[in-house]
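Remarks on the overall topology
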Amino acid sequence: FPVFLTLQVMLTVGFALALSALTTFFRDIRHLVEVGLQLLFWTTPVVYALDIVKDPWIRSVVQWSPMSPFITAYHQIFYDRVWPDAAVWALAVGYAVAALAGGIAIFTRLQDELGEQL
């Protein structure tokens, strides 16, 4: 559990860094974030189990949601009491590292101009 929690924090920090820097330049991003969070909520198996999604197209959309591997891992750890699958690990690590690296890259690229924009 602590490893997945750390990976989820890395994902969140990466998104937060990128969005904070980009919102300074593009004020309308906050409106897109509201819509994106609603979409992210319903494409993440929080209020439903991934097993009940039968349509292959919808299942692939749900599985590729950035929060899906974390919620799936929490379900497997706490409800099923099994070790998360290798695919869940790979997606969680991939999303966390990509988001953190991307967020740091965007923030460091724009940090010199942030003071002027505010």
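Our subject is the structure that appears above.
The following paragraphs examine the structure supplied in this document. Here the structure is a predicted model, which means the values were calculated and not measured. (Residues numbered from 1 in each chain as written. Predicted model: local features only at pLDDT ≥ 70, side-chain atom pairs only at ≥ 80, totals over all residues. Heavy atoms only, no water.)

Examining the packing of helix α4 (residues 68-78) against helix α5 (residues 86-117)
In a pair of packed helices, the angle between the axes and the distance between the axes together describe the arrangement. Spelled out, the test is: To define axes, lines are fitted to C-alpha atoms, for helices over the stretch in contact only, and angles between the resulting N-to-C directions are given on a 0 to 180 degree scale. Numbering of helices and strands runs from the N terminus; a helix is a DSSP stretch of H or I covering at least four residues, while a strand is a stretch of E covering at least two. In these notes the angle categories are as follows: under 35 degrees is roughly parallel, over 145 is roughly antiparallel, 65 to 115 is roughly perpendicular, and the rest is oblique. We call a crossing left-handed when the near helix sits turned anticlockwise from the far one by less than a right angle, and right-handed when that turn is clockwise. What makes two residues a contact is simply this: any of their non-hydrogen atoms within 4.5 Å.
Contact pair α4 / α5: the axes reach a minimum separation of 9 Å and the direction vectors enclose 140°. By the angle between their directions, the pair α4 and α5 is classed as oblique. The handedness of the crossing between α4 and α5 comes out as left-handed. Of α5, the residues touching α4 (which contributes Pro69, Phe70, Thr72, Ala73 and Gln76) are Val88, Leu91, Ala92 and Tyr95.

Quick word on the environment of Ile71
The line we're drawing: Classification of residues uses two cut-offs on accessible area relative to the type maximum, computed with a 1.4 Å probe and protein chains only: under 20% is buried, over 50% is exposed, and between them is partly exposed.
Looking at where Ile71 falls in the secondary structure, it is placed in helix α4. Here Ile71 falls in the buried class, since its relative accessible area comes to 15%. Between the C-alpha atom of Ile71 and that of Val46, which follows or precedes it by 25 residues, the distance is 6.6 Å. Those residues within four positions of Ile71 in sequence are excluded, and the remaining contacts are Thr44, Pro45 and Val46.

Regarding a nonpolar patch on the surface
Going by this rule: Within this analysis, patches are made of residues with over 30% relative accessible area and no salt bridge. Like charges are joined at 9 Å or less; nonpolar side chains (Val, Leu, Ile, Met, Phe, Trp, Tyr) at 5 Å or less. Note that accessible areas follow from Shrake-Rupley with a 1.4 Å probe, and for residues the cover is restricted to the protein chains shown. Salt bridge, as used here, is a side-chain nitrogen of Lys or Arg placed within 4 Å of a carboxyl oxygen of Asp or Glu.
A cluster of nonpolar residues, Phe1, Leu5, Val9, Val13, Phe78 and Tyr79, forms a patch on the protein surface that exposes about 600 Å² of accessible area. With three residues, the single largest contributor to the nonpolar patch is helix α1 (residues 2-25).

Remarks on the packing of aromatic side chains
The following threshold applies: For Phe, Tyr and Trp, rings pair up if their centres lie within 6.5 Å, where Trp contributes its six-membered ring, and each pair is then called stacked (planes under 30 degrees apart), edge-to-face (over 60) or tilted (otherwise).
According to the stated counting rule, one finds five aromatic pairs in the structure shown. Relative to Trp89, the ring of Phe4 has its centre 4.4 Å away and its plane inclined at 45°; by these criteria the two rings are tilted. Taken as a pair, Phe4 in helix α1 and Trp89 in helix α5 lie far apart in primary sequence, 85 residues in all. Judged by its relative accessible area of 1%, Phe4 falls in the buried class. Taken together through their ring pairs, the aromatic side chains of Phe1, Tyr74 and Phe78 make up a single cluster.

Read these as geometric descriptors, not functional statements.
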